[in-house]
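Tertiary structure, described
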Amino acid sequence: MGKDIALKRTVTDSARVVSAPYKTRAAFRALYTETHLTVFRYVYGLNGGSIQDAEDMAAETFTRAWKSRNRFVGDSNAALGWLLKIARNLVIDSHRKHARRKTDTGIDQMVIIAPDTSPEEKAIIAEQCRIMWRLLQDLPDTKREMLVLRYMLGWRVNRIARHFGLPENTVSVTMRRLLKQLREKWPQP
Amino acid sequence: MTKTPDEQTIEELMGYIQPQPTERFHVMMEQRAWNRPHRVKVLWLRSFAATMLLMVVLAVTVPSLCMGAQDVLRAFFGDTSEQVVDGGHVPQGRPIDFTLIAQ
């Protein structure tokens, strides 16, 4: 009996859908504070252009989300997915418009290396990051997105799989292949 | 040119890229709608105050404007009314009584 009640409660909780939870300014501001860095990094990684382009697109993402906030239904996890979907559409539209992706030449400023690293090592890491960033430009949007979510945002494979609606194994195998592909395309010294 | 890194190093390299938005972004976002709740209230208050002021101004000026308009009308039609009213004088501010015309 007690088990049935507990099960019923779990089902009811999971079925509870929050309608327009970011309707108010305060709620939307909290969402912005919590997610703006993730959205910005996602846009920067997916777009590959300058920091200003990424900032403009991240700003536009939140503006569009604000305008359509009354139609959004779901919790905070769903909210991040909703924001990333808006951002993704913006990036893809921008790629279509410009026909060719722009590569950020200021990538050196985005590389965060531990302060105790030697200057020689720092220079090698910075050079390798530049090469890798160029190689990432040639990947299709979806594959690039997987790498961005995994390594720049630090998402686990199961979360990425849920985001794409794919089995975990497929995501895992795809990422292994992508890393191998990047290694093969690496310019020889 | 550096040597080709292995796959684990490539993973690590991607982790090194941690972009941060600039001050420009934060300034831009501060001006967005969800960050200025007071502005709407201020606009409402301003429009309410402007409406009240307009009503007071109209309440003060409309009667005197009406009087002025009556004077202008009287200047044009004053002679006619004197003929009809048999030399009578229509006091200022009193409306023209059209029943007198019928008499």
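This one's a predicted model, so the numbers in the text were calculated from it and none came from an experiment. (Residues numbered from 1 in each chain as written. Chains lettered and ligands numbered in written order. Predicted model: local features only at pLDDT ≥ 70, side-chain atom pairs only at ≥ 80, totals over all residues. Heavy atoms only, no water.)

1. Quick word on the overall build of chain B
Stated precisely, the cut-off is as follows: A run of DSSP states H or I qualifies as a helix once it reaches four residues; a run of E qualifies as a strand once it reaches two. Both are numbered from the N-terminal end. The buried label applies to any residue whose accessible area, calculated with a 1.4 Å probe on protein chains only, is under 20% of its type's maximum; exposed applies above 50%, and partly exposed to all values in between. Note on areas: Shrake-Rupley, 1.4 Å probe, and residue coverage restricted to the protein chains presented here.
Along chain B, the regular secondary structure elements total 4 helices and 0 strands. Counting from the amino terminus, chain B carries its helices and strands in the arrangement α-α-α-α. A buried classification covers 18% of the 103 residues belonging to chain B. For chain B, the accessible area works out to roughly 7,800 Å², and carbon and sulfur atoms hold 65% of it.

2. Some remarks on the packing of aromatic side chains
Quick reminder of the rule: Under the pairing criterion, centres of Phe, Tyr and Trp rings, with the six-membered ring standing for Trp, must be within 6.5 Å; the plane angle then separates stacked pairs below 30 degrees from edge-to-face pairs above 60, leaving the rest tilted. A ring is considered to have a charge above it if a Lys NZ or an Arg CZ atom is located within 6 Å of its centre and within 35 degrees of its normal.
Under the counting rule described, the total for this entry stands at 11 aromatic pairs over all chains. An aromatic cluster of at least three residues, connected via ring pairs, comprises Phe28, Tyr32, Phe62 and Trp66 of chain A together with Trp34 of chain B. Across from the ring centre of Trp155 of chain A, 4.0 Å away, lies the NZ or CZ of Arg159 of chain A, which sits over that ring.

3. A look at helix α4 (residues 76-98) of chain A
All names here are of chain A. Defined as follows: Working rule for helices: expected span equals 1.5 Å times residues minus one. The contact criterion used is simple: two residues touch if any of their non-hydrogen atoms lie within 4.5 Å.
Its 23 residues place the ends of α4 33 Å apart at the C-alpha level, agreeing with the 33 Å of an ideal helix rising 1.5 Å per residue. Among all positions in α4, only Ala79, Leu80, Trp82, Leu83, Leu84, Ile86, Ala87, Leu90, Val91, Ile92, Ser94 and His95 are buried. Summarising the contacts, the buried residues of α4 are in contact with α2 (25-47), α3 (51-67), α6 (141-152) and α7 (157-164).

4. Here we look at the nonpolar core
Note the following rule: As used in this record, nonpolar core signifies buried Ala, Val, Leu, Ile, Met, Phe, Trp, Tyr and Cys residues forming a set joined through side-chain atoms within 4.5 Å.
Formed by 65 residues in total, the largest nonpolar core has its most connected members in Tyr42, Tyr44 and Leu147 of chain A together with Ile17 of chain B. Every residue in contact with Ile17 of chain B, bar those within four places of it in the chain, is listed here: Tyr44, Ile107, Met110, Val111, Cys129, Met132, Trp133 and Met152 of chain A.

5. Here's the deal with the environment of Thr35 of chain A
Residues and elements named next belong to chain A. Of note, Thr35 is situated in helix α2. Note on Thr35: relative accessible area 5%, which makes it buried. Considered as a pair, Thr35 and Ser76 are 41 residues apart in the sequence and their alpha carbons are 9.7 Å apart. Ignoring sequence-local partners within four residues, the contact set of Thr35 consists of Phe62, Leu80 and Leu83.

6. Focus on the confidence of the model for chain B
Residue and element names in this part refer to chain B. Put simply, the test is: pLDDT is defined as a per-residue confidence score from the predictor, taking values between 0 and 100.
Taken residue by residue, chain B gives an average pLDDT of 78. The fraction at 70 or more is 68%. Helix α2 (residues 23-30) holds the highest mean pLDDT among the elements of chain B, 91, whereas helix α4 (residues 99-102) holds the lowest, 63. The ipTM value of the predicted complex is 0.76, and its pTM value is 0.70.

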